[in-house]
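The primary structure of each chain is shown beneath.
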Amino acid sequence: QVQLVESGGGLVQPGGSLRLSCAASGRIFNIDVMGWYRQAPGKQRELVAVRSSGGSTNYADSVKGRFTISRDNAKNTVYLQMNSLKPEGTAVYYCNAMIRPIITGILSDYWGQGTQVTVSS
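To start, this report covers the structure provided alongside it. Since this is a predicted model, take the numbers as computed values, not measurements. Each chain carries its own residue numbering, running from 1 in the written order of its sequence. Owing to the predicted nature of the model, reporting of local features is limited to residues with pLDDT of at least 70; listing and counting of side-chain atom pairs is limited to 80 or more, with chain, interface and lining totals taken over all residues. Hydrogens are left out, water is left out, and the side-chain values use all remaining heavy atoms of the structure.

What about the sheet that holds strand β3 (residues 18-25)?
Okay, step 1: Should DSSP find at least two bridges between two strands, the strands are regarded as paired. Only runs of H or I of at least four residues qualify as helices and only runs of E of at least two qualify as strands under DSSP, and these elements are numbered from the N terminus. Spatially, the four strands line up as an open sheet ordered β1-β3-β8-β7, and their pairing is antiparallel. If you trace the sheet from one side to the other, it starts and ends with β1 (3-7) and β7 (67-72), each paired once. Going from strand to strand, the sheet's axes swing by 15° on average, the running direction of each strand aside. The convention used is that axes are lines fitted to C-alpha atoms, helices contributing only their stretch in contact, and that angles between N-to-C directions extend from 0 to 180 degrees.

Okay, structure coming up:
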């Protein structure tokens, strides 16, 4: 069974940094896009950053210049380095990946369980 497991959330002061990690496990043939979304209380889930297997990236305007998404394709892992965090960055951050499992051969959408990031003094 394919799953995504996130780590690295927590409480940080405004202006601080955090690094999120998300590892995909299971019988995986290949992974296309991996990325991060977030959902603040009372708001819809929104894209933060995504990265293709080839290295192309897309960022939300609100995080450009402060967040960096990277991948280790050999480890099926995606990272999100978050710098200069702001209180409005408080949200549950979710990992997302388009994965082709060996057992089905069908490219499918997978989500992690989410990790809380709180930016507060």
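Here we look at the nonpolar core
Okay, step 1: In this structure, W36, V48, F67, L80, M82, Y93 and I99 are the most contacted members of the largest nonpolar core, which totals 30 residues.
Okay, step 2: Those elements giving two or more residues to this core turn out to be β3, β4 (28-39), β5 (46-51), β7, β8 (77-82), β9 (91-101) and β11 (115-119).
Okay, step 3: It is β9 that contributes the most residues to this core, five residues altogether. For this analysis, a nonpolar core means a set of buried residues of the types Ala, Val, Leu, Ile, Met, Phe, Trp, Tyr and Cys, connected via side-chain atoms within 4.5 Å. Residue burial is assigned from relative accessible area. The probe radius is 1.4 Å, only protein chains are included, and a residue is buried under 20% of its type maximum, exposed over 50%, and partly exposed in between.

Here's the deal with the pairing of β4
Okay, step 1: Pairing geometry for β4 and β9, over nine bridges, is antiparallel. Bridge assignment links W36 to a residue of β9, and that residue is C95.
Okay, step 2: Bridge count for β4 against β5 is five bridges, and the pairing is antiparallel. Paired with R38 across the two strands is E46, which belongs to β5.
Okay, step 3: Adjacent in sequence and paired antiparallel, β4 and β5 are bridged by six residues, among which G42 carries a positive phi angle near 80°.

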